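Structure at a glance
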Amino acid sequence: MATITFKGTEVHTTGSLPEVGSKAPDFKLVASDLSTKSLSDYQGKKVILNIFPSLDTGTCAASVRAFNEKAAGLDNTVVLGISKDLPFAQGRFCEVEGIKNVATLSEFRDSNFSDAYQVKMTDGPLEGLLSRGVVVIAEDGTVKYTEQVAEVTNEPNYDAALAALA
């Protein structure tokens, strides 16, 4: 289990993010059109998993906006914004914000993603939601970079994640 904080109070996740150099676990998540997406749908691309509790918070929304801007010029790269928000809410957010370079995916149907990536918070006020983290996956499915953000209310290290794409 990972120990992180939420507004300074210690909280825990179900485990740790996959190790750098390991094969990224596959998953099934729900897209805004209610189709099922898996990691294998993005095979042959570089993938950034931007994982967060909810788009209804300022920091989560800021991370999607930031990755949307930073991903605009990236070749062969997809950014996936992953939360437990309903796909309808994710779609409205992207429409209102003009998000074009991030695909949002929801874990509302089951917990196979959070089980595979060990990001479900097990206690604290946001218990049951996903912790904030970033996983960068190479074209061959290998984990290149991970960041379990130590304080849920902080943004991830965008520059480090993007540098891992090189």
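Residues numbered from 1 in each chain as written. Predicted model: local features only at pLDDT ≥ 70, side-chain atom pairs only at ≥ 80, totals over all residues. Heavy atoms only, no water.

1. A short note on helix H1 (residues 58–70)
The condition is simple: Segments assigned H or I by DSSP are reported as helices when at least four residues long, segments assigned E as strands when at least two residues long, and all are numbered from the N terminus. Working rule for helices: expected span equals 1.5 Å times residues minus one. Exposed residues in this analysis have more than 50% of their type's maximum accessible area, buried residues have under 20%, and partly exposed residues fall in between, with area computed by a 1.4 Å probe over protein chains only. Every residue pair with non-hydrogen atoms within 4.5 Å of one another is taken to be in contact.
Helix length check: H1 (13 residues) gives 18 Å between terminal C-alpha atoms against 18 Å at 1.5 Å per residue, within 8%. Among the residues making up H1, those that are buried are Thr-59, Cys-60, Ala-61, Ala-62, Ser-63, Val-64, Ala-66, Phe-67 and Asn-68. Looking at the buried positions of H1, the neighbouring elements they touch are strand E5 (46–51), strand E6 (77–83), helix H2 (87–97), strand E7 (102–106), strand E8 (133–137) and helix H4 (158–163).

2. Brief notes about the pairing of strand E3 (residues 28–31)
Looking down a regular strand, the side chains alternate between one sheet face and the other. Stated precisely, the cut-off is as follows: Pairing between strands is defined by DSSP: at least two bridges between the two strands are required.
As paired elements, E3 and strand E4 (residues 36–38) share three bridges and run antiparallel to each other. When the bridges of E4 are listed, Lys-28 appears paired with Ser-38. Connecting E3 to the next strand, E4, in antiparallel fashion are four residues, including Leu-34 with a positive phi near 70°. Relative to E7, E3 runs antiparallel, the two being bridged by two bridges. The partner of Val-30 across the bridge, within E7, is Ser-106.

3. Description of the pairing of E8
Along E8, five of the five residues are buried, which leaves the element largely enclosed by surrounding structure. Where burial is concerned, the two faces of E8 agree: the one with Gly-133, Val-135 and Ile-137 and the one with Val-134 and Val-136 are both buried. By the bridge criterion, five bridges tie E5 to E8 in an arrangement that is antiparallel. What sits directly across from Ile-48, in E8, is Val-136. Examined bridge by bridge, E8 and strand E9 (residues 143–148) share five bridges and lie antiparallel to one another. Bridged to Val-136 within E9 is Tyr-145. In textbook terms, the turn of a hairpin is the stretch between consecutive antiparallel strands, and for E8 and E9 this stretch comprises five residues, one of which, Gly-141, has a positive phi near 90°.

4. Focus: the sheet that holds E4
Sheets are built from strands that pair by backbone hydrogen bonding, the pairs being arranged parallel or antiparallel. We count it as follows: In this analysis an axis means a line fitted to C-alpha atoms, helices contributing only their contacting stretch, and an angle means the value between N-to-C directions, from 0 to 180 degrees.
Taken in spatial order, the seven strands of this open sheet run E4-E3-E7-E6-E5-E8-E9, and their pairing is mixed. In this open sheet, the two strands that pair with only one neighbour each are E4 and E9. Adjacent strand axes in the sheet meet at a mean angle of 30° when their direction is disregarded. Of the strands in this sheet, E5, E6, E7 and E8 touch H1, which is tilted by about 160° from E5. The sheet strands contacting H2 are E3, E6 and E7, and the helix crosses E7 at an angle near 160°.

5. Some thoughts on H2
As a reminder of what qualifies: Of all possible arcs, the one meant is that of the directions from the helix axis to the C-beta atoms.
Restricting attention to buried positions, one finds in H2 the residues Pro-87, Gln-90, Phe-93 and Cys-94. Looking down the long axis of H2, one finds its buried residues gathered within 125° of arc, a one-sided arrangement. Exposed side chains of H2 directed beyond 90 degrees from the buried face belong to Arg-92, Glu-95 and Val-96. Where H2 is buried, its residues meet E3, H1, E6 and E7.

Interpretation note: all reported values are geometric properties and have no functional meaning in isolation.
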